[in-house]
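Residue-level listing of the chains:
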Amino acid sequence: MTTRPPRAAGSHILHVDMDAFFASVAVRDTPELRGRPVIVGGGTRGVVLSATYEARAFGVRSAMPMARARRMCPTAVVVPADHGRYREASRAIMGVFRDVTPLVAPISLDEAFLDVSGGRRLFGGPVEIARGIRARIAAEQGLTCSVGVAPSMFVAKIASARCKPDGLLAVPPEGVLSFLHPLPVAALWGVGPRTEETLTRLGLRTIGDIARTPADTLQRALGKGSADHMIALAHGRDGRRVDPDGAEVSLGAEETFPADLADPERLDREFLRLSERVGGRLRARGQVARNISIKVRYADFTTVTRARTLPEPTDVTWMIYRSARALFAELRGDGRPLIRLVGVRASRLAAVTLGGRQLAFGERPAGWAEVDRATDGARSRFGAASVRPASLLPGRARQPPPRAGPG
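Residues numbered from 1 in each chain as written. Predicted model: local features only at pLDDT ≥ 70, side-chain atom pairs only at ≥ 80, totals over all residues. Heavy atoms only, no water.

Moving on, we come to the overall build of the protein. Counting secondary structure elements, the protein contains 15 helices and 13 strands. A buried classification covers 45% of the 407 residues belonging to the protein. At a minimum sequence separation of 6, the contacts of the protein that also span at least 24 residues come to 66%. When the accessible surface of the protein is totalled, it reaches about 20100 Å², and 54% of it is carbon and sulfur. (Helix = DSSP H or I, 4+ residues; strand = E, 2+ residues; numbered from the N terminus. Buried < 20%, exposed > 50% of the residue type's maximum accessible area, 1.4 Å probe, protein only. Contact = heavy atoms within 4.5 Å. Areas by Shrake-Rupley, 256 points an atom, 1.4 Å probe, with all protein chains shown as cover.)

Listed below in structure tokens is the structure:
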């Protein structure tokens, strides 16, 4: 699927999104799966990580419980995740992007924004560049992607979603409003189910409806910040630039339990385990996080998230754990004690500065950061299981960590 409206040359932003990435890698590596419904996931209590379009035809979607996905598509082939293969493919794909332009902002393993305004002399116009990227990825990786070409990041992302799978859709500057306005309000960034419900009550069903609604009406219903954001997008205004150093990137870890849990100590240990994984990944990447969030999925599949901004960016396991534990404490007593899944995520990431890390309030110089570095060194030499917090050792009851750092 390729659509090229006239005079798309003014649209210099690309959003490239791999098609059913995890599942497509599995099919590429196991050709006998081609044409069959494939689900990437595992177990009966896990969730779907990815599904081929043959499986999606049965209604299977990412983040769906595996048990439900199996009922909807009993003929599906279920394969376990192979994150090493996904990272390997992602590195090669991002390399293709960077051969075209240095202005690449990845937002996950399988999608990125590109500013190709500087590549015209070497590679042609934006549409020609998009075609070249798609051809290289198909030839070198055996995978397909969908590309939106537009004057802004917001419109490019919508365009890539509208031409899936294996498509290319270019929106010229003069065609932005005619492209956006017929689309449902849910296509706008920031419109979740609750906001969509509010807009529907106001009789607003398309992006064009929002663009034609007086600002004060939306502000009363949604609050000034959300309303102004939606009005700007509904008029096609998005002034963000593709910033390789400032892309919103996050990393996290989560665990689905074999049986629903209510034991506070076991849940607390799990938050410590996940915080340890997140902190280790941050330190391995030379990054710190300004925002920590948790995800809790209850036995009835209700999912709740909570987040907080830290006083100072950190990569320290204890600081991540302390924040996650405080966020979880806010959820206790909400009437849904049985928990199916918990997760910890770090976002608003930045590189560790050469001048060193500013300590958070109460953190001591010879404290948790030094413990983390010593632990990371031991694990790199002797394996990931060589050093563990005492509370995570089998048979050990969890003791609350001390309030101050060691030493």
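Back to the text.
Following the sequence through the fold, Glu111 ends up in strand β7 (residues 111–115). In this structure Glu111 comes out as buried when scored by relative accessible area, which is 14%. Polar contacts involving the side chain of Glu111 include one to the side chain of His15, which spans 2.7 Å. Reaching out from Glu111, the side chain makes a polar contact with the side chain of Lys157 at a distance of 2.9 Å. (Polar contact = N/O pair within 3.5 Å; in protein donor to acceptor, adjacent residues only side chain to side chain.)

Pairing is mixed in the open sheet, where three strands are placed in the order β4-β3-β5. Lying at the two open borders of the sheet, with one neighbouring strand each, are β4 (50–51) and β5 (77–79). As judged from the two bridges shared by strand β3 (residues 38–40) and β4, these two strands associate in the antiparallel manner. Considered in β4, the bridge of Val40 is made with Ser50. (Pairing = 2+ DSSP bridges.)

Scanning all chains against the criterion turns up five aromatic pairs. Each ring, one from Phe21 and one from Tyr86, has its centre 6.3 Å from the other, and the planes form 55 degrees; the classification is tilted. Here Phe21 is found in helix α1 (residues 21–29), whereas its partner Tyr86 is found in helix α4 (residues 83–100), with 65 residues between them in sequence. Tyr86 shares its class with Phe21; the two are buried. Ring centres 4.0 Å apart and planes at 5 degrees place the aromatic pair Phe22 and Tyr86 in the stacked group. A residue pair is termed long-range when its members are at least 10 positions apart, and Phe22 in helix α1 and Tyr86 in helix α4 qualify at 64 residues. Given a relative accessible area of 2%, Tyr86 falls into the buried group. The rings of Phe21, Phe22 and Tyr86 are connected pair by pair, giving a single aromatic cluster. Across the ring face of Tyr53, the terminal group of Arg56 is positioned such that the distance to the ring centre comes to 4.6 Å. (Phe/Tyr/Trp six-rings, centres within 6.5 Å; stacked < 30°, edge-to-face > 60°. Lys NZ or Arg CZ within 6 Å of the ring centre and 35° of its normal.)

The next thing to look at is the packing of helix α11 (residues 215–222) against helix α12 (residues 224–234). One way to put it is that α11 packs onto α12 with a least axis distance of 7 Å and a crossing angle of 135 degrees. Judged by the inter-axis angle, α11 sits oblique to α12. As α11 packs across α12, the resulting crossing turns out to be right-handed. Residues Ala215, Leu218, Gln219 and Leu222 of α11 touch α12, and the partners they reach there are Lys224, Ser226, Ala227, Asp228, Met230 and Ile231. Grouping the constituent residues of the contact of α11 with α12 by class yields six nonpolar, two polar and two charged. (Axes fitted to C-alpha atoms, helices over the stretch in contact; angles between N-to-C directions. Parallel < 35°, antiparallel > 145°, perpendicular 65-115°, else oblique. Left-handed = near helix turned anticlockwise from the far one by under 90°. Nonpolar A, V, L, I, M, F, W, Y, C, P; charged D, E, K, R; others polar.)

On to helix α9 (residues 193–201). If you check which residues of α9 are buried, you get Thr195, Thr198 and Leu199. Buried residues of α9, seen end-on, are gathered within an arc of 95 degrees and therefore sit on one face of the element. Those residues of α9 that are exposed and aimed more than 90 degrees away from the buried face are Pro193, Arg194 and Arg201. As for α9, its buried residues are in contact with α10 (207–211), α11 and α12. Positive backbone phi, at 80 degrees, marks Gly203, one or two positions downstream of α9. (Arc of directions from axis to C-beta.)

Another point: unusual backbone geometry. A negative phi angle is the norm for most residues apart from glycine, just as the trans form is the norm for most peptide bonds. In the segment running from Lys164 into Pro165, the intervening peptide bond is cis, with an omega of -10 degrees. With respect to the helices and strands, the residue Pro165 is situated in the loop between α7 (153–162) and β9 (168–170). Positive phi, normally seen in glycine, also occurs at Phe301, with a value near 75 degrees. By secondary structure assignment, the location of Phe301 is in the loop between β11 (287–298) and β12 (303–314). Look at Phe301 and you get partly exposed, because its relative accessible area is 36%. With phi around 50 degrees, Arg348 is a residue other than glycine that occupies positive phi space. You can see Arg348 is positioned in strand β13 (residues 339–351).

So, about the pattern of salt bridges. Counted according to the given criterion, the structure contains 17 salt bridges. Note that Asp99 is salt-bridged to Arg136, the shortest N-O span being 3.0 Å. Of this pair, Asp99 sits in helix α4 while Arg136 sits in helix α6 (residues 126–141), placing them 37 residues apart in sequence. Accessibility expressed as a relative area gives 47% for Asp99, which makes it partly exposed. (Salt bridge = Lys/Arg side-chain N within 4 Å of Asp/Glu carboxyl O.)

A few words on the pairing of β7. Buried residues dominate β7, accounting for five of its five residues. Burial along β7 is two-sided: Glu111, Phe113 and Asp115 and Ala112 and Leu114, pointing in opposite directions, are all buried. The pairing of strand β2 (residues 13–18) with β7 spans five bridges and is classified as antiparallel. Note that in β7 the partner of Leu14 across the bridge is Leu114. Alignment of strand β6 (residues 104–108) against β7, held across four bridges, turns out to be antiparallel.

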